[in-house]
Amino acid sequence: ETGVTQTPRHLVMGMTNKKSLKCEQHLGHNAMYWYKQSAKKPLELMFVYNFKEQTENNSVPSRFSPECPNSSHLFLHLHTLQPEDSALYLCASSQDLAGGAEQFFGPGTRLTVL
Amino acid sequence: DQQVKQNSPSLSVQEGRISILNCDYTNSMFDYFLWYKKYPAEGPTFLISISSIKDKNEDGRFTVFLNKSAKHLSLHIVPSQPGDSAVYFCAARSTNSGYALNFGKGTSLLVTP
């Protein structure tokens with residue numbers, strides 16, 4: 001595997017379910033990000049991790065819970081979501097926060113909340 | 001409040017001609033600007049970037065121009081090819097907000113044969 005991978009690619013869940021999104025980067029980067037892309041809206045930054053430490057939580061509701069066990073893996077745990085949380089969730093990584101701005105994105109998980 | 005704006009949701013250009021995608025921003029603390037390209041069912045792919053200390057950066061068919069006084073940047077693609085058809089996102093980084101990227105809503109480019 002190369003680049004940034006995300007699983008699953010598609011997820012349909014009910015509002016009472018608990019699910020997790022997984023992201024893995026094979027680029028040796030130290031910073032990882034979760035973004036949300038809703039229809040007709042720009043990408044919204046959700047969380048930032050740098051060297052496994054969370055450096056930014058962009059006022060995200062607590063029903064979204066990130067986890068970064070190491071610099072290569074990032075999870076987004078989902079519970080009691082709302083239909084308006086349906087969106088494309090993108091993971092990205094970069095060498096670090098300040099050194100370079102280029103972020104490399106995974107293909108995303110298309111989430112539908114029923 | 002959206003700090004990066006792409007006011008044209010779509011653009012259609014004939015193959016071989018120049019495509020010009022525009023982006024405006026409001027935050028004078030942005031220090032780095034990037035363009036990403038996105039195909040359906042794929043994540044955004046980094047295309048080209050420019051530091052705020054420069055006014056032009058060129059990479060093959062792609063050139064990004066930055067006008068700091070107007071808070072405007074543009075991406076020129078010449079010559080345009082059908083494979084360039086995709087959604088293009090402008091993004092900007094601010095050093096006073098944890099180096100997060102702020103994205104525009106994107107412009108859908110269609111290059112017709």
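See the structure above.
All of these numbers come straight from a predicted model, not from anything done at the bench.

1. Notes on the interface of chain A and chain B
Part 1 of the argument: Across the boundary between the two partners, chain A contributes 20 residues, which contact 21 residues of chain B.
Part 2 of the argument: Across the interface of chain A and chain B, roughly 1600 Å² is buried in total on both sides, 61% from carbon and sulfur atoms.
Part 3 of the argument: In this structure, the connection of chain A to chain B is made through zero salt bridges.
Part 4 of the argument: If you look at where chain A meets chain B, you find three residue pairs in polar contact (both at pLDDT 80 or more).
Part 5 of the argument: Where the side of chain A that touches chain B is concerned, the elements lending two or more residues are β4 (31-37) and β9 (87-94) of chain A.

2. Observations concerning the side chain of S94 of chain A
Residues and elements named next belong to chain A.
Part 1 of the argument: Looking at the secondary structure, you find S94 in strand β9.
Part 2 of the argument: The buried category is assigned to S94, whose relative accessible area is 0%.
Part 3 of the argument: Excluding its chain neighbours within four sequence positions, the residues that come into contact with S94 are H29, N30, A31, Y33, E102 and Q103.

3. With respect to the packing of aromatic side chains
A ring pair, where both rings are aromatic, is described by two values, the distance of the centres and the angle of the planes.
Residue and element names in this part refer to chain B.
Part 1 of the argument: All chains considered together, the criterion is met by eleven aromatic pairs over all chains.
Part 2 of the argument: Pairing F30 with F33 gives two aromatic rings, centres 6.1 Å apart and planes at 80 degrees, and the pair type is edge-to-face. The two residues F30 and F33 agree in class, both being buried.
Part 3 of the argument: Aromatic side chains Y36 and F103 sit 5.7 Å apart centroid to centroid with 50 degrees between the ring planes, which places their arrangement in the tilted category. Taken together, the residues Y36 in strand β4 (residues 30-38) and F103 in strand β10 (residues 101-103) connect sequence positions 67 residues apart.
Part 4 of the argument: Judged by relative accessible area, which is 0%, Y36 ranks as buried.
Part 5 of the argument: The ring centre of Y32 lies 5.4 Å from the NZ or CZ of R93, which sits over that ring.

4. Some words on the state of the cysteines
The term disulfide refers to a covalent linkage connecting the sulfur atoms of a pair of cysteines.
All names here are of chain A.
Part 1 of the argument: Counted according to the given criterion, the structure contains two disulfides over all chains.
Part 2 of the argument: You can see C68 has no disulfide; the closest cysteine sulfur is in C91, sitting 9.0 Å from it.
Part 3 of the argument: By relative accessible area, C68 is classed as buried at 11%.

5. Some points on a nonpolar patch on the surface
Part 1 of the argument: Taken together, the side chains of I18, I20 and V78 of chain B define a hydrophobic patch exposed on the protein surface, amounting to about 230 Å² of accessible area.
Part 2 of the argument: With a relative accessible area of 40%, I18 of chain B lands in the partly exposed category.

6. Regarding the sheet that holds strand β1 (residues 4-5) of chain B
The strands making up a sheet are joined through hydrogen bonds of the backbone, oriented either antiparallel or parallel.
Part 1 of the argument: With antiparallel pairing, the five strands of this open sheet are ordered in space as β1-β3-β8-β7-β6 (chain B). Among the strands making up the open sheet, the edge pair consists of β1 and β6 (56-59) of chain B.

7. Description of the nonpolar core
All names here are of chain B.
Part 1 of the argument: Counting residues in each nonpolar core, the largest one holds 23 residues, and the members touching the most others are F33, W35, L73, L75, I77 and Y88.
Part 2 of the argument: Sorting the residues of this core by element identifies β3 (19-25), β4, β5 (45-51), β7 (62-67), β8 (72-77), β9 (86-94) and β11 (107-112) as the ones contributing at least two each.
Part 3 of the argument: By residue number, the principal contributor to this core is β9, which donates four residues.
Part 4 of the argument: Not counting chain neighbours up to four residues away, the residues in contact with I77 comprise R17, I18, S19, L21, R61, F62, D84, Y88 and L109.

How each quantity is defined
Residues numbered from 1 in each chain as written. Chains lettered and ligands numbered in written order. Predicted model: local features only at pLDDT ≥ 70, side-chain atom pairs only at ≥ 80, totals over all residues. Heavy atoms only, no water. Contact = heavy atoms within 4.5 Å. Buried area = accessible area lost by both parts, 1.4 Å probe. Salt bridge = Lys/Arg side-chain N within 4 Å of Asp/Glu carboxyl O. Polar contact = N/O pair within 3.5 Å; in protein donor to acceptor, adjacent residues only side chain to side chain. Helix = DSSP H or I, 4+ residues; strand = E, 2+ residues; numbered from the N terminus. Buried < 20%, exposed > 50% of the residue type's maximum accessible area, 1.4 Å probe, protein only. Phe/Tyr/Trp six-rings, centres within 6.5 Å; stacked < 30°, edge-to-face > 60°. Lys NZ or Arg CZ within 6 Å of the ring centre and 35° of its normal. Disulfide = S-S within 2.5 Å. Patch = residues over 30% accessible without salt bridge, like charges linked within 9 Å, V, L, I, M, F, W, Y side chains within 5 Å. Areas by Shrake-Rupley, 256 points an atom, 1.4 Å probe, with all protein chains shown as cover. Pairing = 2+ DSSP bridges. Core = buried A, V, L, I, M, F, W, Y, C linked by side-chain atoms within 4.5 Å.

Scope: geometric values only; no functional claims are made or implied.
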